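# Results of the structural survey
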Amino acid sequence: MKKQDTAAFSLIRCDTEKKAPALAVRAIRAALFFAGLLTAAQGAAGIWTNYGWLWAAAGAAALVWQSVALGLPRRWLRAVLPLLCLICAAVFSGRFLAGAITVSSSAGETLTKATGHILLPLAGVGADAALFVAISAALLGTLCAYAVRWSPTVCGLLLTALSAALLALIKPAAAQPWMAVCPLCAALLLAGGAADHKESVPMLLNYGALLAAAGVLIANLYHVSVTEHDRFTAMANDSQFGSTTVEANRGSIYDTNGKILAQSATVYNVILNPSALTGVDESKMNADEKERQIKTVAKILSEELGADYTKLVNVFSDEKTKNKQWYKVASKIEKDIVTRIYTRIDEEGLAGNLVSTEDDTKRYYPQGDMAAAVIGFTNYEGDGIYGVEAYYNDYLAGVDGKIISATDGLGNEMPFKNDKIYAAKDGSSLYLTIDSTLQYYCERELANCVEQNNVDNRACAIIMNAKTGDILAMATSPGYDLNDRNSIYSKKDQLTLEKYKEENPDDEEGYNEKYAELREKQWKNKAITELYEPGSVFKVVTGSSALEEKVIDLNSTFTCNHSIQVADRTINCWTAGAHGTQDFTTAMTNSCNPAFIQIGQRLGIEKFCSYFRAYGFTEPTGIDLPGEASGLYVAEESMGIVELASCSFGQSNTVTPIQMITAYAAVINGGYLLQPHVVSKIVDNNGNVIQTVEKTVRRQVISEETSAEMRQVLESVVNNKGGSNAYIK
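Note that the structure is a prediction, hence the values are computed from the model and not measured.

## Re the confidence of the model for the protein
Confidence in the prediction of the protein, expressed as mean pLDDT, is 76, and 64% of residues score 70 or more. Per-element confidence in the protein is highest for strand β15 (residues 672-674), whose mean pLDDT is 98, and lowest for helix α5 (residues 106-123), whose mean pLDDT is 35. Low pLDDT (under 50) marks residues 86-139, which in the prediction has 105 contacts with non-local residues, meaning those over four places away or in another chain. Scored below 50 in pLDDT, residues 170-209 makes 84 contacts in the model with residues more than four places away or belonging to other chains.

## Examining unusual backbone geometry
Omega for the peptide link from Ser-477 to Pro-478 comes to 0°, which places this bond in the cis form. With respect to the helices and strands, Pro-478 occurs in the loop between β10 (471-477) and α19 (491-503). Residue Lys-332 is not a glycine yet carries a positive backbone phi of 55°. Relative to the helices and strands, Lys-332 is located in strand β4 (residues 327-333). Positioned with a positive phi, Arg-458 is a non-glycine residue whose angle comes to about 60°. In this fold, Arg-458 is placed in the loop between α18 (436-453) and β9 (459-464).

## Structural notes on the state of the cysteines
For the structure shown, the criterion picks out 0 disulfides. For the unlinked cysteine Cys-647, the closest cysteine sulfur is that of Cys-609, found at 7.6 Å.

## Observations concerning the pattern of salt bridges
A complete count under the given rule lists 21 salt bridges for this structure. Here Arg-292 and Glu-348 are joined by a salt bridge, their closest N and O atoms 3.9 Å apart. With Arg-292 in helix α12 (residues 287-305) and Glu-348 in helix α14 (residues 335-348), this pair connects stretches of sequence that are 56 residues apart. Measuring nitrogen to oxygen at the nearest pair gives 2.9 Å for the salt bridge that ties Glu-303 to Lys-299. With Glu-303 and Lys-299 both in helix α12 and 4 residues apart, the pair spans about one turn of that helix. With a relative accessible area of 45%, Glu-303 lands in the partly exposed category. Through salt bridges with shared partners, a single ionic network connects Lys-299, Glu-303, Glu-304, Arg-340 and Arg-344.

## Focus: helix α20 (residues 508-523)
Its 16 residues give α20 an end-to-end C-alpha distance of 22 Å, which sits within 8% of 22 Å, the value for a rise of 1.5 Å per residue. Within α20, the full set of buried residues consists of Gly-510, Leu-518, Arg-519, Gln-522 and Trp-523. Where the residues of α20 are buried, they touch α19.

## Some remarks on the packing of aromatic side chains
Tallying each qualifying case throughout the model produces 15 aromatic pairs. Pairing Phe-377 with Trp-523 gives two aromatic rings, centres 4.9 Å apart and planes at 70°, and the pair type is edge-to-face. Pair noted here: Phe-377 is in the loop between α15 (372-375) and α16 (387-391) and Trp-523 is in helix α20, with a separation of 146 residues, a long-range link. Judged by its relative accessible area of 2%, Phe-377 is buried. Classification of Trp-523 as buried rests on a relative accessible area of 7%. Taken together, the aromatic side chains of Phe-538, Phe-608, Phe-612, Phe-617 and Tyr-633 make up a single cluster linked through ring pairs. The lysine or arginine in question, Lys-501, covers the ring of Tyr-511, its NZ or CZ lying 5.4 Å from the ring centre. Positioned above the aromatic ring of Tyr-431 is the side chain of Lys-681, whose terminal nitrogen or guanidinium carbon lies 4.8 Å from the ring centre.

Reading guide: rules and limits
- In this numbering scheme, every chain counts its residues from 1 along its sequence in written order.
- The model is predicted, so local features are restricted to residues of pLDDT at least 70 and side-chain atom pairs to those at 80 or more, both for listing and for counting; the totals for chains, interfaces and linings are taken over all residues.
- As a rule here, side-chain values come from all non-hydrogen atoms in the structure, and water together with hydrogens is ignored.
- Per residue, pLDDT captures the predictor's confidence, and it can take any value from 0 to 100.
- Secondary structure elements are taken from DSSP: a helix is a run of H or I of four residues or more, a strand is a run of E of two residues or more, and numbering for both begins at the N terminus.
- Two residues form a contact once any of their heavy atoms are found within 4.5 Å.
- Disulfide: a pair of cysteine sulfur atoms within 2.5 Å of each other.
- For this analysis, a salt bridge means a side-chain nitrogen from Lys or Arg found within 4 Å of a carboxyl oxygen belonging to Asp or Glu.
- Here the term buried applies to any residue with accessible area under 20% of the maximum for its type, exposed to any over 50%, and partly exposed to those in between, with areas from a 1.4 Å probe on protein chains only.
- For a helix, the expected span equals 1.5 Å multiplied by the number of residues minus one.
- Each Phe, Tyr or Trp ring (for Trp, its six-membered ring) is paired with any other whose centre lies within 6.5 Å, and the angle between the two planes then decides the class: stacked below 30 degrees, edge-to-face above 60, tilted in between.
- In this scheme, the term charge over a ring applies when either NZ of a lysine or CZ of an arginine sits within 6 Å of the ring centre and within 35 degrees of the ring normal.

And the structure:
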């Protein structure tokens, strides 16, 4: 190859008779040569990103082509390759140091900016598409140059411009302004690198082999860039972008009159910065002063937060923590405590950045133990785990926001102002059907009942609007304070724990298990989670079913001789005496067991079981509270005349209190079985009602006429029952 041929360069045609000045030609090729160095370095530094290795290969190829075009000797190439390695190593080192040096270091910031700008073109998901366009344009430009006898550089530029325009139409996300530089640079490097030689067979063979290899590469790039685009986009986003969560504010809970029952407030996490002392040079703070500050801050935090003094002192000497900037000492601390800590730190003259705080939220329950079993509470992460806090957690929690920013290879945020911010959506608030006044009296009287009757396994009470299904009050006694829910409030359970500890002083694990068991029981809402035999209150179900089936009427009579024989069983009445002959209303007033056994016998097993199902005793009520249980009952195929007899007056079968009151409401409200609920409406953080909980009728069990008869009977029971403390106003 002649030297003058290698220097030949024509901007429009490949005829070597009209040559550009040799100096200008070599200057352009030298510029392209050093651009090849930069491209190779970019590719090597971004090797972990999509197609970083291809950028490195493109740069290396450009170096070889331009070296041949410049007529450089082989020894020069041997000198360039180590230089390329040094540049790549420098970029890698810069990336590493940028992540290792602290944010306060100006050197670290400079390195981050420098290496970040180098890699920015590689960070977008369009980089692979741009590279595809670049290589395609360069290779096709070279081929066209031999077809139309134009300069490969000019052909490459024209094809690149056309490809970039098509790219902008087909895939706008890849056509960023800075991305236009990538295909342009690559086209100049690859297409311009081909010396404008006269055609020869070896050269055509070389280009044929190159084009064949390029075809395979382009096909693979098309597969990855287009066919597998979505998958690689997700992979690129995962590795190249970091996100910071912006927590949404949890909604509040109100009673039916707007009285606050639960709300969130700002609290603080206390953070210790050991490096504020361990990282200070002794010329600025001597060892004695460091030791004084360490002991003083440990004393302040241990006294104010209850933290372990020795552990705090050791934080400054432990190899794992002494150089840290962030060490959490305590979580969810009230503002007044934080203020005291800062005041004492200032008074002692401690380092200003030694202690810091970060905002957090804490759930408060202003009414303490009121409706605790209904409201429930949140866990440490702020998610509801009991009561309406759990059932409506998705509404209350809201949707957290995000700040998405570009990150470097070490996960550090890049110093560019192109973050995407997705604002948090605060949670909605709940308005309950609970009336605080009714709830107060319900809880007070229930607590008196538990104490007076020495109740073993707690008690519960429900006040329900029979026409709508609204729960106006729901209480479990003993209850617990929602703000101090880990304490045991039942005196009986307290004695159980004390006794266990006395009998098993060394069994700490067993004690903790017992404590956890009793605490879990305390948190449960007895009205919906526990089963019991309803007893005489169930007689309204048997009676209303028999009236509906017309196997009895209000004038039907039943005889009570204190006991009744059923098969081989003798079943007694609850009273020691005999009620004699009585009509239906009198039998209900006397709550006579033999009378309702006779009513059950007239109803029959099939009809009894049919109404048992219709009144909802074989399924949950669907109340909007978590953990609702369903009753255990004698199945129709297993029921005999003895089981029918006992079930008729409320024994043998077990139900939940909420099932029982829901059935009772159906007896008197016209026969409609309703779905009970404790929430009346959901309101967003702007005060707009987004959902109203309406009355839900599951089915009609008995007719309006039968229901009216039952209301008459039950009113008579209340008015004529001597010694009763109930009356109808």
